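Okay, here's what each chain looks like letter by letter:
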Amino acid sequence: MSASTPFRNTETPLGPGATLGMLGAGQLGRMFALAAARLGYHVHVFSPRVDSPTGHVSHRETVADYGDTAALLKFAQSVDVVTLEFENIPVAAIETIEQFAPVRPSRAMLHVTQNRLREKHFLTEAGIACAPFAEVNSLEQLRLAITTIGLPAVLKTADSGYDGKGQITIRDPNDAVTAWKHVGGQPAVLEGWVDYVQELSVLVARSTNGEIVTCGPIANDHVNHILDVSRFPAPELAHIAPTAEQIGRTIVQRLKFIGLCCVEFFLARDGQLIVNEIAPRPHNSGHLTIEACHTSQFEQQVRAVCGLPLGCMQPHTPAAMVNLLGDLWQNGEPPWLKLLSVPQGFLHLYGKTEAQPGRKMGHFTVLADDAHLAARIAIDARERLRQ
Ligand code: AMP
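What you are looking at is a predicted structure, and each value in this text was computed from that prediction instead of being measured.

**A look at the packing of aromatic side chains**
For step 1, the next point in the chain: One pass over the full model with this rule turns up four aromatic pairs.
For step 2, the next point in the chain: Relative to Phe 266, the ring of Tyr 196 has its centre 5.0 Å away and its plane inclined at 20 degrees; by these criteria the two rings are stacked. Taken together, the residues Tyr 196 in strand β9 (residues 196-206) and Phe 266 in strand β12 (residues 259-268) connect sequence positions 70 residues apart.
For step 3, the next point in the chain: Phe 266 sits in the buried class, given a relative accessible area of 9%.
For step 4, the next point in the chain: Grouped by ring-pair contacts, the aromatic residues Phe 46, Tyr 66 and Phe 75 constitute a single cluster.

**Focus on the state of the cysteines**
For step 1, the next point in the chain: By the definition in use, this model includes zero disulfides.
For step 2, the next point in the chain: No disulfide involves Cys 130; its nearest neighbouring cysteine sulfur is the one of Cys 261, lying 16 Å away.
For step 3, the next point in the chain: Classification of Cys 130 as buried rests on a relative accessible area of 15%.
For step 4, the next point in the chain: Here Cys 215 stays unpaired: no disulfide links it, and the sulfur of Cys 293, its closest cysteine neighbor, is 4.3 Å away.

**A few points about helix α8 (residues 241-255)**
For step 1, the next point in the chain: End to end, α8 covers 21 Å across 15 residues, agreeing with the expected 21 Å (1.5 Å per residue, within 8%).
For step 2, the next point in the chain: Residues of α8 that are buried include every one of Ala 241, Ala 244, Ile 247, Gly 248, Ile 251, Val 252 and Leu 255, and no others. Across the axial projection of α8, the buried residues extend over an arc of 135 degrees, all falling on one side.
For step 3, the next point in the chain: Trailing α8 by a residue or two, Lys 256 shows a phi angle of about 50 degrees, which is positive.

**So, the environment of Ala 292**
For step 1, the next point in the chain: Within the secondary structure layout, Ala 292 lies in helix α9 (residues 289-292).
For step 2, the next point in the chain: Exposure remark for Ala 292: the relative accessible area of 0% places this residue in the buried category.
For step 3, the next point in the chain: Taking the C-alpha atoms as reference points, Ala 292 and Ala 36, 256 residues apart in sequence, are found 18 Å from one another.
For step 4, the next point in the chain: Other than its neighbours up to four places away in sequence, Ala 292 contacts Gln 314, Pro 315, His 316, Thr 317, Ala 319 and Leu 367.

**Observations regarding the site of the ligand**
For step 1, the next point in the chain: Around the ligand, the surrounding shell holds 16 residues, and the nearest of these are Lys 156, Glu 191, Glu 199, His 225 and Glu 277.
For step 2, the next point in the chain: Between the ligand and His 222, the relevant distance is 3.2 Å, taken from an oxygen atom to a side-chain nitrogen or oxygen of the residue.
For step 3, the next point in the chain: Coverage of the ligand by the protein amounts to 97% of the 480 Å² it exposes when considered alone.
For step 4, the next point in the chain: When contributions to the shell around the ligand are tallied by element, the ones reaching two or more residues are β6 (153-157), β8 (188-192), β9 and β13 (273-279).
For step 5, the next point in the chain: When grouped by side-chain class, the residues that make up the shell around the ligand number five nonpolar, six polar and five charged.

**A word on the sheet that holds strand β10 (residues 212-223)**
For step 1, the next point in the chain: If you walk across this open sheet you meet the eight strands as β13-β12-β9-β10-β11-β14-β16-β15, and the pairing is antiparallel. Each having just a single partner strand, β13 and β15 (345-349) make up the two edges of the open sheet. Averaged over all neighbouring strand pairs, the angle between strand axes comes to 25 degrees, with direction disregarded.
For step 2, the next point in the chain: Where β12 lies against β13, six bridges are found, and the strand directions are antiparallel. When the sheet's bridge partners are listed, Phe 265 is paired in β13 with Val 275.

Each value, and the rule that gives it
- Residues numbered from 1 in each chain as written.
- Predicted model: local features only at pLDDT ≥ 70, side-chain atom pairs only at ≥ 80, totals over all residues.
- Heavy atoms only, no water.
- Phe/Tyr/Trp six-rings, centres within 6.5 Å; stacked < 30°, edge-to-face > 60°.
- Helix = DSSP H or I, 4+ residues; strand = E, 2+ residues; numbered from the N terminus.
- Buried < 20%, exposed > 50% of the residue type's maximum accessible area, 1.4 Å probe, protein only.
- Disulfide = S-S within 2.5 Å.
- Expected span 1.5 Å × (residues − 1).
- Arc of directions from axis to C-beta.
- Contact = heavy atoms within 4.5 Å.
- Near = heavy atom within 4 Å.
- Polar contact = N/O pair within 3.5 Å; in protein donor to acceptor, adjacent residues only side chain to side chain.
- Areas by Shrake-Rupley, 256 points an atom, 1.4 Å probe, with all protein chains shown as cover.
- Nonpolar A, V, L, I, M, F, W, Y, C, P; charged D, E, K, R; others polar.
- Pairing = 2+ DSSP bridges.
- Axes fitted to C-alpha atoms, helices over the stretch in contact; angles between N-to-C directions.

Printed below as a string of structure tokens:
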């Protein structure tokens, strides 16, 4: 390393043996670290969490706050490239790391996806349909937005929302006060309700040389705003696959995104494809790619941020995934043997010790002759855990 080039030439692929920095230490980082290790990389994880899903399986771990500049600098000097599994990393932390190591995806990309309002403006400018929306910074603005957007509508905090957290559905104008309290009076977005027939997602990888590979559409069903079941391939969505993939390509090209991201869509009743949100990292709906596709979303993230050729994400076998939430632990540790005895079933547990309702503790993927059948087998098997 010379003083004028603090990190390696960004065009040079980082081969196995390099150390990959990971910001965030949840299950997405864990599955990234496992994929990276298989390819012969080392992972150094940085997060404030002790005893974390990613820390358990990483080569090296730094437990420190994202505001701890000294720890960030030390971390940045120990890695060849940095990626993330959680988009709400403070921008200042990324600026600090960038002094020594490239961060992929970039700060500019995160700036857009960290905030729902900026994301919606970006989509609108790119000519990509999203739900009608209005900026809300006060109760008066919320009341006004209800009249322009109409009801039902969903009020979502502009920053830091996921899995239905920081959002509330408004069905009656009289609910404005309660809704405004629910989001803590924070800057928010009021989104028109989308009458959809199916939710779906497309994974999009873009490498350092601009190569793009897409995977999808994956059909997703949610319960209580949390992903419940994903199916892939979804033949009933084949007619909108080219459009969904093109939207994914447009997004990563415009943002000069490097890494793997997920574009979540609603397929509206009138046939329109509407982008719900962009996750600048692997996504829960892509977990089934581990067993169903030639290259998983996690290996693809490794390849993209290292500048390696991207892998093929075509499915070789239809699959479905069900989430295993903390609710399953109501009567203690679930009887895992019931899942482990399912042929072509793959149990993933994230090593989390505290099982709270709604918390993602693991997932279960099933391969079968078609994805609907795989979903039925997976759902039935999960049901047996409760008996
Ligand atoms: P989000 O955190 O924005 O992805 O929302 C979580 C889930 O809530 C989505 O996957 C949908 O199931 C539901 N949802 C969110 N926004 C809307 C909307 N505008 N119209 C209908 N359903 C929505």
